[in-house]
Amino acid sequence: MSIRATTAAPALDQWIRKLDHAALDAPWTQPGPLIKPKKSAMEPKLWRWREIEPLLRQSPEFMKPGRGAERRILRLDNPGVPERTAAHTISVAVQYLLPGECAPAHRHTPDAIRFMLHGEGAFTTIEGDKFRMRRGDLVVTPSMTWHDHGNEGSEPVIWTDGLDSPVVRYLENLLGQEFEGDAQPIRTGPPARHLHYTWETAYAELMTRAKGDADPFDDVIMEYLDPATGRSVVPTIGCYLQMLRPGVRTRAHTQTSSAVYHVVAGSGATDIGGTRYAWGEGDFFAIPPRVAHAHANPGDAPAILFSFQDVPLLKTLGFYRVEDSPA
Ligand code: GTQ
Ligand code: FE2
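These numbers were taken from a predicted model, which means no experiment stands behind them.

Quick notes on the rules
- Residues numbered from 1 in each chain as written.
- Chains lettered and ligands numbered in written order.
- Predicted model: local features only at pLDDT ≥ 70, side-chain atom pairs only at ≥ 80, totals over all residues.
- Heavy atoms only, no water.
- Helix = DSSP H or I, 4+ residues; strand = E, 2+ residues; numbered from the N terminus.
- Contact = heavy atoms within 4.5 Å.
- Areas by Shrake-Rupley, 256 points an atom, 1.4 Å probe, with all protein chains shown as cover.
- Lys, Arg positive; Asp, Glu negative; His and termini not counted.
- Charge placed at Lys NZ, Arg CZ, Asp CG, Glu CD.
- Core = buried A, V, L, I, M, F, W, Y, C linked by side-chain atoms within 4.5 Å.
- Buried < 20%, exposed > 50% of the residue type's maximum accessible area, 1.4 Å probe, protein only.
- Donors = N, O, S within 2.8 Å, 3.2 Å for Na, K, Ca; no water.
- Phe/Tyr/Trp six-rings, centres within 6.5 Å; stacked < 30°, edge-to-face > 60°.
- Lys NZ or Arg CZ within 6 Å of the ring centre and 35° of its normal.
- Pairing = 2+ DSSP bridges.
- Axes fitted to C-alpha atoms, helices over the stretch in contact; angles between N-to-C directions.
- Near = heavy atom within 4 Å.
- Polar contact = N/O pair within 3.5 Å; in protein donor to acceptor, adjacent residues only side chain to side chain.
- Nonpolar A, V, L, I, M, F, W, Y, C, P; charged D, E, K, R; others polar.

**A short note on the overall build of the protein chain**
For the protein chain, the helix and strand inventory stands at six helices and 22 strands. A principal-axis box enclosing the C-alpha atoms of the protein chain has dimensions of 80 × 55 × 40 Å. Of the contacts formed within the protein chain by residues at least 6 apart in sequence, a portion of 74% connects residues at least 24 apart. Carbon together with sulfur atoms contributes 55% to the accessible area of the protein chain, which is approximately 17100 Å² in total. Across the protein chain, the centroid of the 35 positively charged side chains sits 4 Å from that of the 40 negatively charged ones.

So this is what it looks like as structure tokens:
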């Protein structure tokens, strides 16, 4: 029996005003469940490299070299996510640096992961240790570590950034700081422990996996792990490299996690919630939580996918679930 049926309405209204005044809410005085359900906002989405690349190459017209203080990024904007990030938990951007440019040193609470896409000569310096970034290399910038980037080559460079900034923002701890001076001095002495994976290492590991049993949902897949702890590269986001072999069609499943994929090589298609997203090299696509998805590579060359996924965050919280999805 509802409260309204047993209590005189004017008395209830008066009492609710008293509650308001005391900064209290009695949710059972309103219809519906006590904990309001929230529909997932993130949408399946495909971003095409043939749209991204020309806009990225035009961006120096609008952020001139030397203007400095910002990173020249284009952020993937998921139409369903109010914060305009690729996933509600993961922000993904593509970053463009011209020859000789420097992205000034700074640090921030979000973790960042960089996966190199195009061009020779890019580097990132983390806590004074400088890393070259070649195509397919992955470098981790943990929370609050100082970092600056540069391009010492003769052509523009492009990489993709994955950050857990939406999570950090939700936790109301999004903070950052600028370094005094553009670039950090390079440290002398032995470098600190960093997570840096070359393309050669990651690809060789994937090829080793290909000799074993395939995963029914992902075909051949490996996660980049911290060799010292066996854990994901950062606590919130896991990074994965996978190969869909020619002719492979994976089984459909749902996961409580979300994912943002980048197509490193090849082409194929992913069915996300009953819609087919056909992708090719350089494209990005996003899979929201609890939406059934299956990958296919109908071609005759392998397809290689890199992905950022919030699986570690969901697992830590005890919310990670996977369910087979009927075909
Ligand atoms: O390059 O340090 O995509 O601070 C967003 C924020 C990249 C970076 C992003 C950043 C960076
Ligand atoms: Fe940064």
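**What to know about the nonpolar core**
In this structure, Leu138, Tyr224, Leu241, Phe284 and Phe306 are the most contacted members of the largest nonpolar core, which totals 41 residues. The contact partners of leucine 138, leaving out residues within four places of it in the chain, are Ile113, Arg114, Phe115, Leu195, His196, Tyr197, Tyr224, Cys239 and Phe306. Within the second largest apolar cluster, twelve residues are counted, among which are Ala259, Ile272, Phe285 and Ile287.

**What about the coordination of the iron ion (ligand 2)?**
Four donors placed tetrahedrally around a metal ideally meet at 109.5 degrees, and six donors placed octahedrally ideally meet at 90 or 180 degrees. Distances from the iron ion (ligand 2) to its protein donors, His106 (NE2), His108 (NE2) and His147 (NE2), fall at 2.1 Å. Between the donor residues of the iron ion (ligand 2), the gaps in sequence give the motif H-x1-H-x38-H. You can see histidine 106 sitting in strand 4 (residues 102-108) and its partner histidine 147 sitting in strand 9 (residues 147-151), a full 41 residues away along the chain. Of the two residues, histidine 106 and histidine 147, both sit in the buried class.

**Re the packing of aromatic side chains**
If you walk through the whole model with that rule in mind, you get nine aromatic pairs. Ring centres of phenylalanine 306 and phenylalanine 308 lie 5.0 Å apart, and the angle between their planes is 90°; this geometry places the pair in the edge-to-face category. Residue phenylalanine 306 shares its accessibility class with phenylalanine 308, and that shared class is buried. Following the ring pairs from residue to residue traces out a cluster consisting of Phe115, Tyr197, Tyr224, Phe306 and Phe308. Across from the ring centre of phenylalanine 123, 4.3 Å away, lies the NZ or CZ of lysine 130, which sits over that ring.

**Focus on the sheet that holds strand 13 (residues 220-223)**
With respect to topology, six strands assemble into an open sheet ordered 1-19-16-21-14-13, the strand pairing being antiparallel. Because the sheet does not close on itself, it has two edges, and the strands there are strand 1 (45-47) and strand 13. Geometrically, the sheet is characterised by an average inter-axis angle of 20° between neighbouring strands, direction not taken into account. For strand 14 (residues 238-244) and strand 21 (residues 303-309), the ladder comprises seven bridges, and the chain directions are antiparallel. Residue cysteine 239 lies in a different strand from strand 21, and its bridge partner there is phenylalanine 308. Along the sheet face, helix 5 (residues 199-210) touches strand 13, strand 14, strand 16 (259-265) and strand 21 and points at about 135° away from the line of strand 13.

**Here we look at the side chain of serine 91**
Residue position: serine 91 is located in strand 3 (residues 91-97). Using a relative accessible area of 5% as the deciding quantity, one classes serine 91 as buried. Filtering out sequence-adjacent residues up to four positions away, serine 91 remains in contact with Arg75, Thr85, Asp161, Gly162, Leu163, Ser165 and Pro166.

**Side note on the site of ligand 1**
Close contacts around ligand 1 come from Arg71, Ile73, Ala93, Gln95, His106, His108, Arg114, His147, His149, Asp161 and Leu163, and that covers them all. Glutamine 95 places a polar side-chain atom, nitrogen or oxygen, 3.0 Å from an oxygen atom of ligand 1. Between ligand 1 and arginine 114 there is a distance of 3.1 Å, counted from an oxygen atom to a side-chain nitrogen or oxygen. Alone, ligand 1 offers 290 Å² of accessible surface; in the complex the protein occludes 91% of this. Contributions of two or more residues to the shell around ligand 1 are made by strand 3, strand 4, strand 9 and strand 10 (157-163). Looking at the shell around ligand 1, its residues break down into three nonpolar, five polar and three charged.

**Focus: unusual backbone geometry**
Positive phi outside glycine occurs at glutamate 127, with the angle close to 50°. For glutamate 127, the location among the structural elements is in the loop between strand 6 (122-126) and strand 7 (129-133). Glutamate 127 sits in the partly exposed class, given a relative accessible area of 33%. Phi is positive for methionine 144, close to 65°, though the residue is something other than glycine. Residue position: methionine 144 is located in the loop between strand 8 (138-141) and strand 9. Judged by its relative accessible area of 30%, methionine 144 is partly exposed.

**Concerning the pairing of strand 9**
With five of five residues buried, strand 9 lies mostly within the body of the structure. What you see with strand 9 is no split at all: His147, His149 and Asn151 on one side and Asp148 and Gly150 on the other are buried throughout. Bridge count for strand 4 against strand 9 is three bridges, and the pairing is antiparallel. Of the residues in strand 9, the one forming a bridge with histidine 106 is histidine 147.

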